[in-house]
Each structure stands twice: as C-alpha cells, then as structure tokens.
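# Summary of structural features
What follows is the residue order along each chain.
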Amino acid sequence: MSRVLSLSALTVLDLAPPDLVRCAAETGYGAVGLRLVPATPDEPSWPMVGRTPLVERTRLLADDLGIPVWDIEILRLTETTDVREFEAFLETGAYLGARQILVAGMDPERGRLAENLAALAALAEPYGLTPNLEFMPWTAVRDLADAAEVLRAAAHPNVGLLIDSIHFARSGSDPELIDALPVEWFRYAQLCDAPAREPADQAELIYQARNARLPPGEGGLDVLAPLRHLPPDLPLGVEAPFENHAGIPARIRATRALQATRAVLDRLSGDA
C-alpha cells in the first residue's frame with residue numbers, strides 16, 4: 001500500500017522551515033515535519049511560534065507546493081509542565097495544517113506524566129492535533145513498554161505512540177509487543193538506521209541519536225523489525241541526520257535518505 005513519506009526536520013536541520021518545505025518538494029517527499037521549538041540549545045532556532053513572518057512564508061510555500069505539514073516538534077512533559085503554556089504552539093501547528101505532535105516524556109513521576117499527556121491531548125484535540133509520546137532510552141519513557149504504560153494510564157482517545165527505529169533498537173524493545181497494543185495508537189513512525197555497535201555510554205547514545213544516524217538500510221539495525229508489526233500504510237518520517245554532512249547539500253542528503261527508505265520498504269513488501 002502507498003504511504004506518506006515525510007522529510008523530518010532533523011535530517012536537514014540546517015535548513016530554515018521554508019527551505020525544508022522546498023527541499024521536500026524537490027526531492028519527492030509527500031510531507032514535512034517541522035521543528036517549531038528547538039530540542040537543544042546548540043541547534044538552529046527559528047521564530048516559528050505565532051503568526052510570525054517565517055510561519056506565514058512556510059504555510060504559503062507548503063500550500064503552493066502541495067507539501068502538507070505532517071508533524072511538529074517538540075514538546076517536553078516535565079515535573080513542572082503546565083500544558084496551557086503550549087497553547088501558542090498548538091495554534092501555530094493548526095495554522096500550518098499539522099496533524100501530529102512529537103512529545104518527549106521527561107517526568108519520572110509516571111502518574112503525573114500520564115495526567116499531563118491526557119491534558120495535552122484534550123487541549124490539542126480542538127486544533128486537530130494529536131500528541132504522540134516518543135520513547136527514548138535516556139528519558140523517563142525508556143522503551144516501548146514504558147510508553148504503552150503511560151498511554152494506558154492517560155486513557156485518552158487523542159494520544160499516539162511514536163516508534164523511532166533507532167530508539168526501538170537501542171532500548172531493546174520487543175516488536176511482538178506492538179501486536180498487543182491498540183492499532184489506533186500508531187499515527188506515524190520515524191525511520192532511520194545506525195551502526196550496529198552499541199554506544200559506549202549515554203552521552204554517545206544521545207550524540208548518535210541527534211547527530212550520527214544513517215539512512216535506512218545502510219547501518220546495522222533491524223529496521224524492518226517494528227515495521228513488520230505496524231500498519232502497512234502508516235506514515236513514516238524519514239529522520240536520518242548524517243554525522244559528516246559538511247559540504248553535502250541538504251537536497252542530496254534528503255534524496256539519499258528517501259531512496260534508502262524506498263529500498264527498505266521494497267524489502268518489506270517482498271517479505272509480505
């Protein structure tokens with residue numbers, strides 16, 4: 001079945017959002033993911049919350065080129081989160097036409113984390129947005145089982161569970177567990193690869209996830225493992241930042257990642 005392949009912001013994080021949209025259109029993607037809020041202090045920061053000129057340019061270009069905004073990043077649920085502070089982020093996402101939100105669970109108090117996720121889901125619903133909890137081994141939601149526990153406790157219909165292939169592999173999550181989870185939890189997934197060797201420590205783990213991935217199928221991860229258990233038409237965000245991309249144009253990086261993704265999906269179809 002055909003599925004949406006979206007160019008995730010992290011793959012070409014050096015591009016301003018309008019340039020990311022243009023890159024996606026020129027290289028054959030069907031959608032984009034936009035990072036409205038930086039994930040780290042070291043990465044580029046763009047004025048992408050509110051009706052800023054850059055937001056207006058991004059929306060106009062996305063409309064003109066027929067490249068929808070699929071997901072927006074990144075909201076963190078911490079010990080001190082008040083989800084009402086995310087209202088401007090949600091309004092911007094709705095204005096851009098986004099559907100999904102990437103959410104990181106940083107609060108070790110599981111009950112409070114679930115309550116905040118449910119509150120965010122309720123707040124986002126009128127905007128046509130769904131928060132998707134992404135597990136990452138260095139956060140309070142370390143693996144697929146942790147994420148499933150939080151979603152069950154949140155008990156809200158407008159929540160999703162986001163699987164990223166690098167986090168799935170590094171957390172040692174069990175692909176069979178996917179079959180036991182509600183299919184409606186899966187709104188999209190993220191695809192990439194990485195070297196087979198496990199990172200030596202948490203610092204290397206985080207660095208690799210943020211800076212040194214590989215295009216799908218070019219590393220040592222079993223990227224097909226979760227895909228075999230996810231819906232066959234599930235949209236995929238291609239999130240594959242290269243470590244040594246200096247001098248390699250973003251368009252070439254995006255093209256390489258897309259071609260690699262299509263090759264992986266061909267393998268998946270061959271397994272069916």
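Before reading on, note that the structure itself is shown above.
Description of the structure in this document.

The rules behind each value
Residues numbered from 1 in each chain as written. Predicted model: local features only at pLDDT ≥ 70, side-chain atom pairs only at ≥ 80, totals over all residues. Heavy atoms only, no water. 1 Å grid on protein atoms, 1.4 Å probe; cavity = no way out; pocket = protein on both sides within 12 Å on 5 of 7 lines; lining within 4 Å. Points joined across faces, edges and corners; volume = space filled by probe spheres on them. Helix = DSSP H or I, 4+ residues; strand = E, 2+ residues; numbered from the N terminus. Nonpolar A, V, L, I, M, F, W, Y, C, P; charged D, E, K, R; others polar. Pairing = 2+ DSSP bridges. Axes fitted to C-alpha atoms, helices over the stretch in contact; angles between N-to-C directions. Contact = heavy atoms within 4.5 Å. Buried < 20%, exposed > 50% of the residue type's maximum accessible area, 1.4 Å probe, protein only. Polar contact = N/O pair within 3.5 Å; in protein donor to acceptor, adjacent residues only side chain to side chain.

On to empty space enclosed by the protein, then. According to the stated counting rule, one finds two cavities of 30 Å³ or more in the structure shown. Of the pockets and cavities examined, the largest cavity occupies roughly 60 Å³. In terms of lining, the largest cavity is formed by Ala-9, Val-12, Leu-13, Leu-15, Pro-17, Leu-20, Leu-34, Arg-35 and Trp-46. Those elements giving two or more residues to the lining of the largest cavity turn out to be helix H1 (17-27) and strand E2 (31-35). In the lining of the largest cavity, the residues fall into eight nonpolar, no polar and one charged. Taken as a whole, the second largest cavity holds about 30 Å³ of empty space.

Ordered by their spatial adjacency, eight strands build a closed barrel running E1-E2-E3-E4-E5-E6-E7-E8, and the pairing between neighbours is parallel. Shown here is a sheet whose adjacent strand axes are inclined to one another by a mean of 30 degrees, direction ignored. In this structure, strand E5 (residues 130-134) lies alongside strand E6 (residues 160-164), joined through three bridges in parallel fashion. Counted as the bridge partner of Glu-134 is Leu-162 from E6. Where helix H9 (residues 250-271) meets the sheet, it contacts strand E1 (5-7), strand E7 (189-191) and strand E8 (236-238), and its direction lies at approximately 155 degrees from that of E1.

With respect to the secondary-structure elements, Thr-139 resides in the loop between E5 and helix H5 (144-154). We classify Thr-139 as buried; its relative accessible area is 8%. At a separation of 2.8 Å, a polar atom in the side chain of Thr-139 contacts the main-chain carbonyl oxygen of Met-136. For Thr-139, the side chain forms a polar contact with the main-chain oxygen of Val-141, separated by 2.9 Å. Setting aside its immediate chain neighbours within four residues, Thr-139 contacts Gly-105 and Met-106.

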